[in-house]
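Fold and contact review
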Amino acid sequence: MSSSGKTSTGKPLTVVKTDNDRAGTKNGERLDREERHRRIIGELKSNPTVRISHLAEAFGVSTETVRRDIDSLSSRGLVERTYGGAAAPMGREPTVRERTASMVAERQRIAAVAIQAIAPGDVVMIDSGATTHHLAQAIAAAGLEATVITNGLEIAEEVGASSAVRVILCPGAYSAHEKGVYGQDTCDFLARFHANVAFTSAGGITEGGVTDVDSNACWIKRSMFKRAERRIFMMDNAKFNVRLLEVVMPLGEVTDLVVDKPLPEKLAEAAKAAGITTVVA
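Our subject in this report is the structure included herewith.

Calculation notes
Residues numbered from 1 in each chain as written. Predicted model: local features only at pLDDT ≥ 70, side-chain atom pairs only at ≥ 80, totals over all residues. Heavy atoms only, no water. Pairing = 2+ DSSP bridges. Helix = DSSP H or I, 4+ residues; strand = E, 2+ residues; numbered from the N terminus. Axes fitted to C-alpha atoms, helices over the stretch in contact; angles between N-to-C directions. Contact = heavy atoms within 4.5 Å. Buried < 20%, exposed > 50% of the residue type's maximum accessible area, 1.4 Å probe, protein only. Lys, Arg positive; Asp, Glu negative; His and termini not counted. Salt bridge = Lys/Arg side-chain N within 4 Å of Asp/Glu carboxyl O. Polar contact = N/O pair within 3.5 Å; in protein donor to acceptor, adjacent residues only side chain to side chain. Phe/Tyr/Trp six-rings, centres within 6.5 Å; stacked < 30°, edge-to-face > 60°. Lys NZ or Arg CZ within 6 Å of the ring centre and 35° of its normal.

**Focus: the sheet that holds strand β12 (residues 228-235)**
Across the sheet, which stays open at both edges, the 7 strands sit in the order β6-β5-β4-β9-β12-β14-β15 with parallel pairing between neighbours. Whereas interior strands pair on both sides, the edge strands pair on one side only; in this sheet they are β6 (165-169) and β15 (277-280). The average angle at which neighbouring strand axes cross in this sheet is 20°, direction not considered. Contacts from helix α5 (residues 104-114) reach β9 (195-200), β12, β14 (256-259) and β15, with the element oriented near 145° to β14.

Okay, structure coming up:
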């Protein structure tokens, strides 16, 4: 069961089904060990983490077999073992284009729920990223009247397609990897504004807080959240209990968490203790 929080207009967030919702996936044919290893590494090129349960279903093998595969790859330094899965080696993250192409249905569901936090006329900060890219598309499609402040070039292009959205693009040093701008100029620019709500995502979340691999990106997330009344993290389940290089912020600095699956028990307890409203899309 999902819990819900109040938007700036008092409207609760609710689950919204999208056309891309899927009932499930079918087991793939059994693969040999070498092919499984190749596919695990390939998956981590487009997603910073993978889940053992997902891989076992996709490969048509037991979870114990996948655990052995991950242990083998981890011993060779090709992946990092995480709670319930594996991650790309610490300090490396796929490009935003690679990430946007993965877990599309899950991210669209998350965006369909998160967009409800935006009231007509709101000032909205949106961080560059894969999950936020889907939010930007949803905002444009809905024709929401809003002012969007973003460091993401593709975010600006998506929301800018709507005549109802005023777009303010941050200055800064351009990153082709993230299709966005970063640095001190970007953070200083964000400090000039107040926002009703800010949206971002990150590489992982643990009981100790939100984690990511890029310090420049972490500073943008902190800057946006510092200027917003409501601070929403949007995360798919592959990021649960993933500890990456840097702590972006403790859980207490997040007001809402929109996810595609229920949080693991201990993480859910930590989020509740921190006062976070968690909504499962």
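**Things to note about the side chain of R51**
Along the chain, R51 turns up in strand β1 (residues 49-51). Despite its burial, R51 pairs with no opposite charge, the nearest such side chain being D236 at 8.4 Å. At a separation of 3.4 Å, a polar atom in the side chain of R51 contacts the main-chain carbonyl oxygen of F240. Excluding its chain neighbours within four sequence positions, the residues that come into contact with R51 are Y83, G84, G85, N237, A238 and F240.

**Structural notes on the environment of A173**
Inspection of the secondary structure puts A173 in strand β7 (residues 173-175). Spatially, the C-alpha atoms of A173 and G183 are 6.1 Å apart, while their sequence positions differ by 10 residues. With residues up to four places along the chain from it excluded, the contact list for A173 reads G180, V181 and Y182.

**What about the packing of aromatic side chains?**
For the coordinates displayed, the defined rule picks out 2 aromatic pairs. Centre to centre, the rings of F225 and F233 are 5.1 Å apart; their planes meet at 70°, and the pair counts as edge-to-face. Among the residues examined, F225 registers a relative accessible area of 4% and is labelled buried. A relative accessible area of 0% means that F233 is categorised as buried. Lying across the ring of W219, R222 places its NZ or CZ 4.5 Å from the centre.

**Considerations on the pairing of strand β11 (residues 209-212)**
By the bridge criterion, 3 bridges tie strand β10 (residues 204-206) to β11 in an arrangement that is antiparallel. When the sheet's bridge partners are listed, I205 is paired in β11 with V210. The hairpin turn running from β10 into β11, its antiparallel successor, is 2 residues long. By the bridge criterion, 3 bridges tie β11 to strand β13 (residues 246-249) in an arrangement that is antiparallel. Note that in β13 the partner of T211 across the bridge is V247.

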